[in-house]
Amino acid sequence: MKIPVSSRLIHIYAIVACILSVTTDLVMAVFLDRQSLLTSTISDLAAGDFDLAQDIGLCLVALAIALTGLNVWRTETHNWQNGVTAGLLALAGPLIVLISLYEAYSKSSPDGPLIHYWVVGAIGFSIAIALALLAWTNGPGKPFFRWATALAALIFLAAGAATFGVSNEIIGLVERLAAVSLVAWLLGFHGTRLLTDS
């Protein structure tokens, strides 16, 4: 089966975006003064000294997530589950852009509305539900895909929720556990399709 060029480009873009974003986060956390993967959240780095680099990385992944929704809509069976999945992923992309850009620059206007927690919650639920629906709908006959996708959904939701209650000494690590589960799933999803559909 020949994969359309546009879908192939989505797969390649998503893989490159994830690698660039993870590299940016690691470089900033490791080499910038007073930053730590344990204590500094992704949002902290996105509002820090070199915020533009982190913002770009987050926006690259946000677009990859939205494009994943488009890919699901175009390539999977047109049922309500895949439609909801596509819509939730398409929603999560702009929400990530919103939180990375608005919250980083709202520090100069502290009287503005604080939307951070509401947007984080919306991102967590939209992505976790989307992955759970994908595992349920497209998992029959593909046990590895089903369990890997369900596990990514569970880790993303659980780790994301845990950030609201864990100590500030490990909040960065817990948040990155959620991010790693999502990025690993995106790499697996797009990498597998790029190899098998080309």
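Everything below is about the structure printed above this text.
Summarised in this report is the structure supplied together with it. (Residues numbered from 1 in each chain as written. Predicted model: local features only at pLDDT ≥ 70, side-chain atom pairs only at ≥ 80, totals over all residues. Heavy atoms only, no water.)

## Looking at the overall build of the chain
Then, in step 1: Regarding its fold elements, the chain presents 7 helices and 0 strands.
Then, in step 2: The order of helices and strands in the chain, counted from the N terminus, is α-α-α-α-α-α-α.
Then, in step 3: Burial statistics for the chain: of 198 residues in total, 42% are counted as buried.
Then, in step 4: Accessible surface computed for the chain: about 10500 Å², of which carbon and sulfur atoms make up 73%. (Helix = DSSP H or I, 4+ residues; strand = E, 2+ residues; numbered from the N terminus. Buried < 20%, exposed > 50% of the residue type's maximum accessible area, 1.4 Å probe, protein only. Areas by Shrake-Rupley, 256 points an atom, 1.4 Å probe, with all protein chains shown as cover.)

## A word on a nonpolar patch on the surface
Then, in step 1: A cluster of nonpolar side chains, namely Leu-9, Ile-12, Val-16 and Leu-20, defines an oily patch on the protein surface of about 340 Å² accessible area.
Then, in step 2: Tracing the backbone through its elements, the reader meets Val-16 in helix H1 (residues 5–31). (Patch = residues over 30% accessible without salt bridge, like charges linked within 9 Å, V, L, I, M, F, W, Y side chains within 5 Å. Salt bridge = Lys/Arg side-chain N within 4 Å of Asp/Glu carboxyl O.)

## Points about the nonpolar core
Then, in step 1: Among the nonpolar cores identified, the biggest contains 31 residues, and Ile-65, Ile-123, Ile-127, Trp-185 and Leu-186 are the most heavily contacted of them.
Then, in step 2: Elements represented by at least two residues in this core include exactly helix H3 (51–75), helix H4 (80–105), helix H5 (116–138), helix H6 (143–162) and helix H7 (171–197).
Then, in step 3: Ranked by the residues each element gives to this core, the list is headed by H7, at 7 residues.
Then, in step 4: Not counting residues up to four positions away in its chain, the partners in contact with Ile-123 are Leu-95, Ile-96, Ile-99 and Phe-156. (Core = buried A, V, L, I, M, F, W, Y, C linked by side-chain atoms within 4.5 Å. Contact = heavy atoms within 4.5 Å.)

## Remarks on the environment of Ala-86
Then, in step 1: Inspection of the secondary structure puts Ala-86 in helix H4.
Then, in step 2: Residue Ala-86 is classed as buried on the basis of its relative accessible area, which comes to 8%.
Then, in step 3: Those residues within four positions of Ala-86 in sequence are excluded, and the remaining contacts are Gly-69 and Trp-73.

## Thoughts on the packing of H5 against H6
Then, in step 1: Where H5 meets H6, the axes come as close as 8 Å, and the angle between the chain directions of the two elements is 165°. What the angle tells us is that H5 and H6 run roughly antiparallel. H5 and H6 meet at a crossing whose hand is left-handed. Facing Ile-123, Gly-124, Phe-125, Ile-127, Ala-128, Leu-131, Ala-132, Leu-134, Ala-135, Trp-136 and Asn-138 of H5, the residues of H6 in contact are Phe-145, Arg-146, Thr-149, Ala-150, Ala-152, Ala-153, Phe-156 and Leu-157.
Then, in step 2: Residues belonging to the contact of H5 with H6 are distributed by class as follows: 15 nonpolar, 3 polar and 1 charged. (Axes fitted to C-alpha atoms, helices over the stretch in contact; angles between N-to-C directions. Parallel < 35°, antiparallel > 145°, perpendicular 65-115°, else oblique. Left-handed = near helix turned anticlockwise from the far one by under 90°. Nonpolar A, V, L, I, M, F, W, Y, C, P; charged D, E, K, R; others polar.)

## Quick look at the side chain of Ser-181
Then, in step 1: Within the secondary structure layout, Ser-181 lies in helix H7.
Then, in step 2: Taking relative accessible area as the criterion, Ser-181 reaches 9% and is therefore assigned buried.
Then, in step 3: A polar atom in the side chain of Ser-181 sits 2.7 Å from the backbone oxygen of Ala-178.
Then, in step 4: Those residues in contact with Ser-181 that sit more than four places away from it in its chain are Ala-152, Ile-155 and Phe-156. (Polar contact = N/O pair within 3.5 Å; in protein donor to acceptor, adjacent residues only side chain to side chain.)

## Structural notes on the packing of aromatic side chains
Then, in step 1: In this structure the tally under the stated criterion is 2 aromatic pairs.
Then, in step 2: With 6.2 Å between their ring centres and 70° between their planes, Trp-80 and Trp-136 make a pair best called edge-to-face. With a gap of 56 residues between them, Trp-80 in helix H4 and Trp-136 in helix H5 connect regions that are remote in the sequence.
Then, in step 3: What makes Trp-80 exposed here is its relative accessible area of 54%.
Then, in step 4: Arranged with centres 4.7 Å apart and planes meeting at 20°, the rings of Trp-185 and Phe-189 form a pair that is stacked. With Trp-185 and Phe-189 both in helix H7 and 4 residues apart, this pair spans about one turn of that helix. The pair formed by Trp-185 and Phe-189 is uniform in burial state, with each residue classed as buried.
Then, in step 5: The aromatic ring of Phe-145 is capped on one face by Lys-142, whose charged end is 5.5 Å from the ring centroid. (Phe/Tyr/Trp six-rings, centres within 6.5 Å; stacked < 30°, edge-to-face > 60°. Lys NZ or Arg CZ within 6 Å of the ring centre and 35° of its normal.)

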